[in-house]
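Observations on chain architecture
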Amino acid sequence: MKFFKTIMIFAAAVMVFGCEQESPNEPFGGFPIIRTDGKILIEDQTGKRWDITEAVNKYGFDPEKFQFGVGPNAIPPIMNPRFYNPGETGYPGNGNFQVIGYERNGETRAYSLNKMVSHEVANEVFQDQQIAVAY
Amino acid sequence: MYSRVTFGDEITLGASGWTYNNTFVLYDHQTESIWYHLSGEDGLTCISGFYVDRKLAEFNSTLTRWSTWKNSNPGTKFLRPDSK
């Protein structure tokens, strides 16, 4: 799982780097780390700065080990998931592809990994429950 | 599968574009707090930002093959590939 994730995000990083040949950053580290007013910020490839103060000071994260930094728009989450019901046009027949399956109070939903790797997160409401499917 | 509710606040999550130890670092759109699946712990932990130290509960899901899932759950819905 983790390996596959890494491959996918690396692919995203390569796409970004392809557009920015001059980028001084490396996907595996070397991102600017700004320490100011007791805060620790890390700047990604898009110039966005992330506050990682507690991650470093409290949870022991090493700022140098944050990788890729392709920005929050590189892998856009699903905000309005829609579903096919059985029998509906587009509902897949048998197939060996991988899915994440989720059951709640007898109701079941499936999310193909193929779709999830390009979004990483699907924000949805399942019955009365606000959930995030994350791969 | 995680809850998007912490102490009554509903949030939405996305990929920050960072990974750490080959695991995606997530963030919430509302406060840009950073959420991470700490090794050995259930759920997501807010490791930095407004919600620091809070948790998002984890629910059990199954990683399997479509045919297997469909045969066990004949009524299952399927995420449309055109979902955005």
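Residues numbered from 1 in each chain as written. Chains lettered and ligands numbered in written order. Predicted model: local features only at pLDDT ≥ 70, side-chain atom pairs only at ≥ 80, totals over all residues.

1. Notes on the overall build of chain B
Inclusion rule: Under the DSSP-based scheme used, a helix requires at least four consecutive residues in state H or I and a strand at least two consecutive residues in state E, with every element numbered from the N terminus. As defined in this context, the radius of gyration uses C-alpha atoms, and a globule is described by 2.2 Å times the residue total to the power 0.38. Any residue with 12 or fewer other C-beta atoms within 10 Å of its own C-beta is exposed, any with 20 or more is buried, and the rest are partly exposed; the C-beta atoms used are placed from the backbone.
Helix and strand counts for chain B come out as one helix and 10 strands. Here the C-alpha atoms of chain B give a radius of gyration of 15 Å, more than 25% beyond the 12 Å that 2.2 N^0.38 yields for 84 residues. With respect to the three principal axes, the spread of C-alpha positions in chain B is 45 × 25 × 25 Å. Every one of the 84 residues in chain B was classed for burial, and the buried ones make up 42%.

2. Focus on the overall build of chain A
Cut-off, in case you're wondering: What counts as a contact is two residues whose backbone-derived C-beta atoms lie within 7 Å of each other.
Helix and strand counts for chain A stand at three helices and nine strands. The helix and strand sequence of chain A, counted from the amino end, reads α-β-β-β-α-β-β-β-β-α-β-β. By the burial criterion, 33% of the 135 residues in chain A qualify as buried. In chain A, of all internal contacts separated by at least 6 residues, the share reaching a separation of at least 24 is 39%.

3. Things to note about unusual backbone geometry
Even without being a glycine, aspartate 37 of chain A presents a positive backbone phi close to 55°. Residue placement: aspartate 37 of chain A occurs in the loop between strand 1 (33-36) and strand 2 (39-43). The backbone of aspartate 53 of chain B sits at a positive phi, close to 80°, despite the residue not being glycine. Note that aspartate 53 of chain B resides in the loop between strand 7 (44-48) and strand 8 (55-56).

4. Brief notes about the sheet that holds strand 2 of chain A
Residues and elements named next belong to chain A. We apply this condition: Two strands are counted as paired when DSSP detects at least two bridges linking them. Inter-axis angles, ranging from 0 to 180 degrees, are taken between N-to-C directions of lines fitted to C-alpha atoms, where helices are fitted over the stretch in contact.
Read across the open sheet, the three strands follow the order 1-2-3; overall the sheet is antiparallel. What marks the edges here is a single partner per strand, and that holds for strand 1 and strand 3 (49-51). Averaged over all pairs of adjacent strands, the angle between strand axes in this sheet comes to 30°, irrespective of strand direction. In terms of strand pairing, strand 1 meets strand 2 through four bridges, oriented antiparallel. Bridge pairing in strand 2 places threonine 36 opposite lysine 39.

5. So, the interface of chain B and chain A
This is how it is decided: Gly is placed with the polar residues, together with every amino acid not listed as nonpolar (Ala, Val, Leu, Ile, Met, Phe, Trp, Tyr, Cys and Pro) or charged (Asp, Glu, Lys and Arg).
In this assembly, 45 residues from chain B lie in contact with 60 residues from chain A. For the side of chain B that touches chain A, the elements supplying multiple residues, two or more each, are strand 1 (2-3), strand 4 (13-20), strand 5 (23-28), strand 7, strand 9 (62-65), helix 1 (66-72) and strand 10 (77-79) of chain B. Ranked by residue count, the leading element in the side of chain B that touches chain A is strand 4 of chain B, at eight residues. Across the side of chain B that touches chain A, the residue classes break down as 21 nonpolar, 18 polar and six charged. Direction of pairing for strand 9 (residues 129-134) of chain A relative to strand 1 of chain B: antiparallel, over a ladder of two bridges. Across the sheet, residue alanine 132 of chain A finds its bridge partner in strand 1 of chain B, namely tyrosine 2 of chain B.

6. Overview of the nonpolar core
Selection rule: Residues enter a nonpolar core if they are buried, belong to Ala, Val, Leu, Ile, Met, Phe, Trp, Tyr or Cys, and are joined to the set through C-beta atoms within 7 Å. All domain edges in this entry derive from an automatic or database-based domain assignment.
Among the nonpolar cores identified, the biggest contains 47 residues, and Tyr111, Val121, Ala132 and Val133 of chain A together with Leu26, Ile34 and Trp35 of chain B are the most heavily contacted of them. Of the domains in this structure, domain 1 (2-65) and domain 2 (76-135) of chain A are the two that each give at least three residues to this core. Once you skip the residues sitting within four places of it in the chain, isoleucine 34 of chain B turns out to touch Trp50, Ile52 and Ala55 of chain A together with Ser16, Val25, Tyr27, Cys46, Ile47, Ser48 and Gly49 of chain B.

7. Observations concerning the environment of phenylalanine 68 of chain A
Assignment of secondary structure puts phenylalanine 68 of chain A in strand 4 (residues 66-68). Between the C-alpha atoms of phenylalanine 68 of chain A and aspartate 44 of chain A, which are 24 residues apart in sequence, the distance is 7.9 Å.

8. Remarks on the sheet that holds strand 1 of chain B
Strand order in the open sheet formed by three strands is 8(A)-9(A)-1(B), and the pairing between neighbours is antiparallel. Each end of this open sheet is capped by a strand with a single partner; those strands are strand 8 (121-126) of chain A together with strand 1 of chain B.

9. A closer look at the confidence of the model for chain A
Low-pLDDT portions of the prediction should not be read for the details of their coordinates. So the rule is basically this: Confidence per residue, as judged by the predictor, is encoded in pLDDT with a range of 0 to 100.
On average, chain A scores 86 in pLDDT, and the residues at 70 or more come to 79%. Of the regions scoring below 50 in pLDDT, residues 14-25 of chain A engages in nine contacts with residues more than four places distant in sequence or in other chains.

10. A few points about the pairing of strand 9 of chain A
Pairing geometry for strand 8 of chain A and strand 9 of chain A, over six bridges, is antiparallel. Each bridged residue has a counterpart across the sheet, and for valine 121 of chain A the counterpart in strand 9 of chain A is alanine 134 of chain A.

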